[in-house]
Amino acid sequence: MKYIRRKFLKLIGLSYLSAVLLPYNLLYSATKKIFNKDLSGEQKNIMFNEYTERPYSSPLNHEKRKGFFHCANCGAKLFASNTKFDSGTGWPSFTKSFPGAFKTKIDYSFGVKRTEYHCANCGVHHGHVFDDGPGETKKRFCSNGLCLIFKPQN
Ligand SMILES: [Zn+2]
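Structural notes, computed from the coordinates. Sequence order as written defines residue numbering, which begins from 1 separately in each chain. Local features in this predicted model are restricted to residues whose pLDDT is 70 or higher, and side-chain atom pairs enter the listing and the counts only when it is 80 or higher, whereas totals over whole chains, interfaces and linings include all residues. To obtain the side-chain values, all non-hydrogen atoms of the structure were used and water was disregarded.

Once that is clear, we can look at the coordination of the zinc ion. Sites may look incomplete, because water is not among the atoms used; the donor set itself consists of N, O and S atoms within 2.8 Å of the metal (3.2 Å for Na, K and Ca). On the protein side, the zinc ion has Cys71 (SG), Cys74 (SG), Cys119 (SG) and Cys122 (SG) as donor atoms, found 2.3 to 2.4 Å from it. Under the classification used here, a metal with four donors is tetrahedral if each angle lies between 85 and 135 degrees, square planar if opposite donors are over 155 degrees apart and the others between 65 and 115, a six-donor metal meeting that same test is octahedral, and anything else is irregular. Between the 4 donor atoms coordinating the zinc ion, the angles at the centre fall across 104 to 118°, so the site counts as tetrahedral. In primary-sequence terms, the residues that donate to the zinc ion follow C-x2-C-x44-C-x2-C. With Cys71 in strand E1 (residues 67-71) and Cys122 in the loop between strand E6 (114-119) and strand E7 (125-130), this pair connects stretches of sequence that are 51 residues apart. The buried label applies to any residue whose accessible area, calculated with a 1.4 Å probe on protein chains only, is under 20% of its type's maximum; exposed applies above 50%, and partly exposed to all values in between. Look at Cys122 and you get buried, because its relative accessible area is 2%. Each helix is a run of H or I in the DSSP string that is no shorter than four residues. Each strand is a run of E no shorter than two, and both are numbered from the N terminus.

Rendered as structure tokens:
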């Protein structure tokens, strides 16, 4: 019972925090721009409203070729194929981005503290980054495949 109460209080606290942060989030939303006029409704929902695509829905989960992953909105180069790994989560996952490719902000949606990352160039949402990744960086960039365009290296 005590545990549940603590959980409940934590949830209230985080909801309150997200309300306080709302103006900042709105300000941040205003920095996002559409570069790619061909974005689908689902892509826009993820990039501009921070929706999440269904797990295991992205064909990029199975992409194993050498190459680079670019922002589907502005085309900025974000990840190299040698940083991609199979996290078993159903979303394309990476251990490392190109330096300066992303900016992050703390996200309190669903009462959980997570680190959201977005394209440093155009501002659109890409996913969340966690500290449980493999290798040196210990990072796991959990990416929405719909936000990425893969360009194989020739
Ligand atoms: Zn971008």
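We now examine unusual backbone geometry. Notably, Tyr56 is not glycine yet its phi reads approximately 65°, a positive angle. Checked against the element boundaries, Tyr56 lands in the loop between helix H2 (41-49) and E1. On the accessibility criterion, Tyr56 (59% relative accessible area) is exposed. A positive phi angle is found at Lys138, which is not glycine, with a value near 60°.

Spatial strand order, E2-E1-E9: 3 strands in an open sheet with antiparallel pairing. Bordering the open sheet on either side are strand E2 (77-80) and strand E9 (148-152), each of which pairs with just one other strand. Neighbouring strand axes in the sheet, compared pairwise and without regard to direction, differ in orientation by 30° on average. Here 5 bridges tie E1 to E9, and the two strands are oriented antiparallel to one another. In short, DSSP must find at least two bridges between two strands for them to pair. Only the contacting stretch of a helix is used when fitting its axis, a line to C-alpha atoms as for every element, and angles between N-to-C directions run 0 to 180 degrees.

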